[in-house]
Amino acid sequence: MTLVADAPASGPAPEAPIEAFTVTLIIRRFDPDVDDEPRWQDFDVQMFATDRILDALHKIKWEQDGSLTFRRSCAHGICGSDAMRINGRNRLACKTLIKDLDITKPIYVEAIKGLPLEKDLIVDMDPFFESFRDVQPFLQAASVPPKGKERVQSVAERARFDDTTKCILCAACTSSCPVFWTDGQYFGPAAIVNAHRFIFDSRDDQAQTRLDILNDKEGVWRCRTTFNCTDACPRGIQVTQAIAEVKQAIMRGKP
């Protein structure tokens, strides 16, 4: 009788472990109780390629320096609270993957520009929201729909302003604008985007009011069409195009 050994079981080879690597973040720090001017501080953190800048900031705060201060909320690109400058570009920390950056060099992180710096990566958002409120970003309808009915809107009418409904008020576009940096009175791209959203809403009856507001010398005419705002928008809104459409509506009337 001949004995035959069992053949080894076949199967997929075990996956190689995901490797961690060291990333250097150089963060612009500012504590108003201690510092006269902002200063740069570097941190080395162990990260994975699929981690985000927000994850790196969490590791620094939880493991190295609990005084590091920044805003965050949903961590999924919806709340817009963690907008900051990463390697010189406005981005959301929760949407910026480590693998999309050049980790052979330090990663520079600082607060967005053009708004008063409060601490570390936090700025005072009040001027931003004041401009937002000034353009009356809410539906104003003079007519009353039939009892029990909604205000009817066609698919085409809804599509007319669909792009500008995506704004999450992160201020990435406004704080990337050179005019906004130097002119404390300019409404800024985000306010104009939110005015656009209601100017072209077929259910709204106060488009002309908003166009008159934006026809001011600090309104849409301060825009220099640098496209910084469009490049900075984490939601992909065509901000520069929206501003151009508002300019056209002021000159020629709402289409």
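Within each chain, residues carry numbers counting from 1 in the order of the written sequence. Per-residue local features are limited, in this predicted model, to residues with pLDDT of at least 70; the limit for side-chain atom pairs, both in listing and counting, is 80 or more; totals at the level of whole chains, interfaces and linings are taken over all residues. For side-chain calculations, the full set of non-hydrogen atoms in the structure is used, while hydrogens and water are omitted.

Within 6.5 Å between ring centres, the rings of Phe, Tyr and Trp (the latter by its six-membered ring) count as paired, and their orientation is classed by plane angle as stacked under 30 degrees, edge-to-face over 60, tilted in between. Inspection of every chain in the model, using the stated rule, returns three aromatic pairs. Centre to centre, the rings of phenylalanine 128 and phenylalanine 129 are 5.1 Å apart; their planes meet at 80°, and the pair counts as edge-to-face. Accessibility here uses a 1.4 Å probe with only protein chains present; expressed as a share of the type maximum, an area under 20% marks a residue as buried, one over 50% as exposed, and anything in between as partly exposed. With relative accessibility at 4%, the residue phenylalanine 128 sits in the buried group. Residues phenylalanine 129 and phenylalanine 132 carry aromatic rings whose centres are separated by 6.4 Å and whose planes lie at 85° to one another, so their mutual orientation is edge-to-face. Taken together, the residues phenylalanine 129 and phenylalanine 132, both in helix 2 (residues 126-134) and three residues apart, mark about one turn of the helix. Overall, phenylalanine 129 belongs to the partly exposed group, its relative accessible area being 26%. Phenylalanine 132 gets classed as buried once you look at its relative accessible area, which sits at 17%. Numbering of helices and strands starts at the N terminus; helices are DSSP runs of H or I of at least 4 residues and strands are runs of E of at least 2.

Once that is clear, we can look at the pattern of salt bridges. Between side chains of opposite charge, a pair can form when the charged atoms approach closely. Here, a salt bridge means any Lys or Arg side-chain nitrogen found within 4 Å of an Asp or Glu carboxyl oxygen. Under the counting rule described, the total for this entry stands at 15 salt bridges. Aspartate 201 serves as the salt-bridge partner of arginine 197, at 2.8 Å between the closest nitrogen and oxygen. For arginine 197, a relative accessible area of 16% corresponds to the buried category. In this structure, arginine 210 and aspartate 204 form a salt bridge, with 2.8 Å as the shortest nitrogen-oxygen distance. Side by side, arginine 210 and aspartate 204 carry an identical accessibility label, which is buried. Residues participating in the shared-partner salt-bridge network are Arg29, Asp65 and Asp120.

Moving on to the domain arrangement of the protein. Domain delimitation follows an automatic or database domain assignment. Taken as a whole, the protein is organised into domain 1 (2-123) and domain 2 (126-148 + 155-252). The C-alpha-based centres of domain 1 and domain 2 are spaced at 32 Å. Should any heavy atoms of two residues lie within 4.5 Å, those residues are counted as being in contact. In this assembly, 15 residues from domain 1 lie in contact with 14 residues from domain 2. Summed over the three residues of domain 1 that lose the most area to domain 2, namely Asn90, Lys113 and Leu115, the buried surface amounts to 41% of that side. Note: buried area is the sum, over both parts, of the accessible area (probe 1.4 Å) each one loses when the two are combined.

At least two DSSP bridges between two strands are required for those strands to pair. Here five strands make up an open sheet; going across it, the order is 2-1-5-3-4 and the pairing mixed. Of all the strands in the sheet, just strand 2 (39-47) and strand 4 (89-92) have a single pairing partner and so form its edges. Neighbour-to-neighbour, the strand axes of the sheet open up by a mean angle of 35°, direction not taken into account. With two bridges connecting them, strand 3 (residues 83-86) and strand 5 (residues 107-110) associate as antiparallel partners. Bridge pairing in strand 5 places arginine 85 opposite glutamate 110. The axes are straight lines fitted to the C-alpha atoms, using for helices just the contacting stretch, and the angles between their N-to-C directions are given from 0 to 180°.

Turning next to the packing of helix 5 (residues 189-199) against helix 8 (residues 239-252). Packed helices, taken two at a time, are described by their axes: the angle between them and the distance between them. Relative to each other, helix 5 and helix 8 sit at 60°, their axes nearing to 9 Å. Here helix 5 is positioned oblique relative to helix 8, judged by the angle of their axes. At the point where helix 5 passes helix 8, the crossing takes the left-handed sense. Within the contact between the two elements, helix 5 uses Pro189, Ile192, Val193, His196 and Ile199 and helix 8 uses Val239, Ala242, Ile243, Glu245 and Val246. Of the residues assigned to the contact of helix 5 with helix 8, the class counts are eight nonpolar, one polar and one charged. Working definition: roughly parallel below 35 degrees, roughly antiparallel above 145 degrees, roughly perpendicular at 65 to 115 degrees, and oblique for all remaining angles. Crossing handedness: left-handed means the near helix sits turned counterclockwise from the far one by under a right angle, and right-handed means the same turn made clockwise. Polar here means any residue other than Ala, Val, Leu, Ile, Met, Phe, Trp, Tyr, Cys and Pro, which are nonpolar, and Asp, Glu, Lys and Arg, which are charged; Gly is therefore polar.

This part is about the side chain of glutamate 110. Among the structural elements, glutamate 110 can be located in strand 5. Judged by relative accessible area, which is 16%, glutamate 110 ranks as buried. Beyond its immediate sequence surroundings of up to four residues, glutamate 110 is in contact with Arg28, Trp40, Met84, Arg85 and Leu121.

You will see that threonine 225, though not glycine, has its phi angle at about 55°, which is positive. Inspection of the secondary structure assignment puts threonine 225 in the loop between helix 6 (207-214) and helix 7 (228-232). Classification of threonine 225 by relative accessible area gives partly exposed; the value is 40%.

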